[in-house]
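Tertiary structure, described
For reference, the chains in residue letters:
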Amino acid sequence: MALLGILMVTLFQLVVIYLLLLIVSFASKSLQPIIYAAIFLFFLSYVGMTIIIPFGKTFMHLFEPLPGPYAKLLIGSVFLFYFSELISKHVAEAGYESIATIAHVAIKIAILSLWLPQLATLLDTLSKFIIK
Amino acid sequence: MIPMIESVLGTVLSSFIIVIISTFMALVLDFLFPSFSKWTRTFLFFIVLTVVLFPAYEHLQMIRSITQTVATMFISIYPLLTASILASGGSFSMLNFQPAMLLFANGAVILSDKILIPLLSAAMLFDIISRFHPAVPFSRMADLLRGTLIGLVSALVAAYSIFITAGGTISWALTGVTSEPIKKLISQNIPLVGSFMTDSLGAIGRYSSGASVFIGAWLIVTIWSVALLPTLKTLLTGFLYRWTAALIEPFADEDVTGILDDIGKTLFVLCAVSFLVAFAFIYTALFTVILVKLITAVK
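Keep in mind that what you see is a predicted model, and the values were worked out from it rather than measured.

**Regarding the overall build of chain A**
- Within chain A one finds four helices and zero strands.
- Shown N-terminal to C-terminal, the secondary structure of chain A runs as helices and strands in the order α-α-α-α.
- For 132 residues, the compact-globule estimate of 2.2 N^0.38 gives 14 Å, and chain A exceeds it by more than 25% at 20 Å.
- For chain A, the spread of C-alpha atoms along the principal axes amounts to about 75 × 45 × 15 Å.
- By residue count, 8% of the 132 residues in chain A fall in the buried class.
- Of all intrachain contacts in chain A linking residues separated by at least 6 positions in sequence, the fraction that spans at least 24 positions is 41%.

Right, dumping it as structure tokens:
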């Protein structure tokens, strides 16, 4: 029931934000980008706090039987990638595509470095086949 | 028997459950974040390889260490055995225990240690490469390696049975009329190595029948179970790989099921190789026991 309420509120907010942005674009063309950015970040943090992060936690909990850090790593890296993609898309929409690309590449490298220990274990197992 | 099955199920089945769960997880992630799906597949592959390769690797290592032990045992015992055969004179002539056969059996062990098992690991690596990077497929190469190994091993077992029957010992129950339907059942239902298994079991049975006159049946059963336990374990594990592949096929990536299937096939071939080693072990053990009995009986 609570989840349904949150969903309805989110949908309602989406409509309100859409109307607000339409009004802003009508009232003041020059202020529109900064208001758009502010509303985007505000909405993103709201949805993240109420829906995405709780869902991610439940999802991780669901796959707790998996050994070691695999479930946490995979789900965490997917969510990290998703947020980074969202924000860099927003920045690219504002016209700063090169900055968006740099940030996205940095996040990708961070995700890969999270996986490096696991990759090292796998390579170790594989190389055991060859050496002995 | 039961603890063996339990330990295999405990170690192997848990890793397969991990594969199934992580496949579900990847499925949900693919639905939620389609832009990440390529990397979800790659990471899923990582997880599956890390979790699943380990039991296969352990089995390879187990058979290899058994092979090395048998080979060392043979090398240390062979001069002694031949010397005592020469000393004991004609008492061996009524059985078909030739020293050349012993040399042959243990030459097969050394062959499998030096060539067969490395070739099997090569086949496994080829499979992994061709599944992980489908643009550079080595699947035919892996199949060829497995086919060659099976051919080699079955040729060796055929040679064994020729050697043994040439001596003219009486056939044991395994080749009798009553066991024929069971043999048919095994050879038809176990993929790849089924007919090979019944053949080699028949060969071992024929051999043991000559020996059971001298040493009690219980000792033969003991030696059999000691020698065949690793083989059965490997067979069971190979089956578990293929069962898991069949189980996750509807919702998993084709690569993941394919690699499980391939590892299962490789383990079946490993099972065939370990039959060879088990046979050599049985031969050497029975040989030694009979020799000791003969020497003590003469005194």
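After presenting the structure, the write-up continues.
**A word on the overall build of chain B**
- Scanning chain B from N- to C-terminus turns up eight helices and zero strands.
- Within the span of chain B, comprising 299 residues, buried residues form 40% of the whole.
- Considering only residue pairs separated by 6 or more positions, chain B has 82% of its internal contacts joining residues 24 or more positions apart.

**With respect to the interface of chain A and chain B**
- Counting residues at the interface gives 19 residues for chain A, matched by 20 residues for chain B.
- Listed by contribution, the elements that provide at least two residues to the side of chain A that touches chain B are α3 (70-93) and α4 (97-131) of chain A.
- Per element, the largest residue contribution to the side of chain A that touches chain B is eight residues, and it comes from α4 of chain A.

**What about the environment of D127 of chain B?**
All names here are of chain B.
- Its location among the elements puts D127 in helix α3 (residues 99-132).
- Linking D127 and R140, residues 13 residues apart in sequence, is a C-alpha distance of 9.1 Å.
- Excluding its chain neighbours within four sequence positions, the residues that come into contact with D127 are S139, A142, I259 and D262.

**Let's talk about the packing of helix α1 (residues 2-27) of chain A against helix α2 (residues 32-62) of chain A**
Residue and element names in this part refer to chain A.
- At a closest axis distance of 11 Å, the pairing of α1 and α2 adopts a crossing angle of 175°. Considering their axes alone, α1 and α2 lie roughly antiparallel with respect to each other. Contact residues: α1 offers I6, T10, Q13, I17, L20, L21, V24 and S25, while α2 offers Q32, I35, Y36, I39, F43, V47, T50 and I51.

**A closer look at α2 of chain A**
- Between its first and last C-alpha atoms α2 of chain A spans 42 Å; for 31 residues at 1.5 Å apiece the expected length is 45 Å, and the two agree.
- Of all the bends in α2 of chain A, the largest measures some 50° and sits at G48 of chain A.

**A short note on the packing of α2 of chain A against α3 of chain A**
Residue and element names in this part refer to chain A.
- The contact between α2 and α3 brings their axes to 11 Å, and the two run at 165°. Compared by their axis directions, α2 and α3 come out roughly antiparallel. Pair α2 / α3 crosses with right-handed handedness. Here α2 contributes F40, L44, G56, F59 and M60 to the contact with α3, which in turn contributes A71, K72, I75, F79, L86 and H90.
- Across the contact of α2 with α3, the residue classes tally to eight nonpolar, two polar and one charged.

**Thoughts on the environment of P79 of chain B**
Residues and elements named next belong to chain B.
- When you line up the elements, P79 lands in helix α2 (residues 37-88).
- P79 gets classed as exposed once you count the C-beta atoms within 10 Å, which come to 9.
- Spatially, the C-alpha atom of P79 lies 38 Å from that of G238, the residues being 159 residues apart in sequence.

**Thoughts on the confidence of the model for chain B**
All names here are of chain B.
- On average, chain B scores 73 in pLDDT, and the residues at 70 or more come to 69%.
- When mean pLDDT is compared element by element in chain B, helix α1 (residues 2-32) scores highest at 79, while helix α5 (residues 180-189) scores lowest at 57.
- pLDDT under 50 marks residues 166-178. Its contacts with residues more than four places away, or in other chains, come to 22 contacts.
- We note a pTM of 0.72 for the whole complex and an ipTM of 0.75 for its interfaces.

Calculation criteria
- Residues numbered from 1 in each chain as written.
- Chains lettered and ligands numbered in written order.
- Predicted model: local features only at pLDDT ≥ 70, side-chain atom pairs only at ≥ 80, totals over all residues.
- Helix = DSSP H or I, 4+ residues; strand = E, 2+ residues; numbered from the N terminus.
- Rg over C-alpha atoms; globule rule 2.2 N^0.38 Å.
- Buried ≥ 20, exposed ≤ 12 C-beta atoms within 10 Å, placed from the backbone.
- Contact = placed C-beta atoms within 7 Å.
- Axes fitted to C-alpha atoms, helices over the stretch in contact; angles between N-to-C directions.
- Parallel < 35°, antiparallel > 145°, perpendicular 65-115°, else oblique.
- Expected span 1.5 Å × (residues − 1).
- Bend = angle between axes of the 7 residues up to and from the residue.
- Left-handed = near helix turned anticlockwise from the far one by under 90°.
- Nonpolar A, V, L, I, M, F, W, Y, C, P; charged D, E, K, R; others polar.
- pLDDT = per-residue confidence, 0-100.

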